[in-house]
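Chain by chain, the residues:
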Amino acid sequence: IRTAKTPFFLSRPSNWLVIASLGIVCIGTLLPFSPFAHTLGFVPPPPMFFVLLIVIVTTYLFLVEKIKSTFLKKYSL
């Protein structure tokens, strides 16, 4: 969505955006396994959650690229 280039990885985001995004993902993933988890009321998700998460994110990225490509072919100047 960020760029008109297809596939999306042909256009690289800034280093700061990559670092910030990966940092938030790491914090969110590790927080339920940290010593603070009980205090915050978090419980570790089951392993199947991560499998489904990967499938859902991959499907989302595929669909976004497909729809973006279709949109750009139809409405591109």
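Residues numbered from 1 in each chain as written. Predicted model: local features only at pLDDT ≥ 70, side-chain atom pairs only at ≥ 80, totals over all residues. Heavy atoms only, no water.

Next up on the list: the side chain of Glu 65. Position of Glu 65 relative to the elements: it lies in helix α3 (residues 47-75). Engagement of the side chain of Glu 65 in a polar contact is seen with the side chain of Lys 68, the distance being 3.2 Å. (Helix = DSSP H or I, 4+ residues; strand = E, 2+ residues; numbered from the N terminus. Polar contact = N/O pair within 3.5 Å; in protein donor to acceptor, adjacent residues only side chain to side chain.)

What follows concerns the packing of aromatic side chains. This structure, assessed with the given rule, holds three aromatic pairs. Geometrically, the ring pair formed by Phe 49 and Phe 50 is edge-to-face, given 5.2 Å between the ring centres and 80° between the ring planes. Overall, Phe 49 belongs to the partly exposed group, its relative accessible area being 41%. Clustering of aromatic rings is evident, with ring pairs tying together Phe 33, Phe 49 and Phe 50. (Phe/Tyr/Trp six-rings, centres within 6.5 Å; stacked < 30°, edge-to-face > 60°. Buried < 20%, exposed > 50% of the residue type's maximum accessible area, 1.4 Å probe, protein only.)

None of the figures reported here should be taken as evidence of function without further support.
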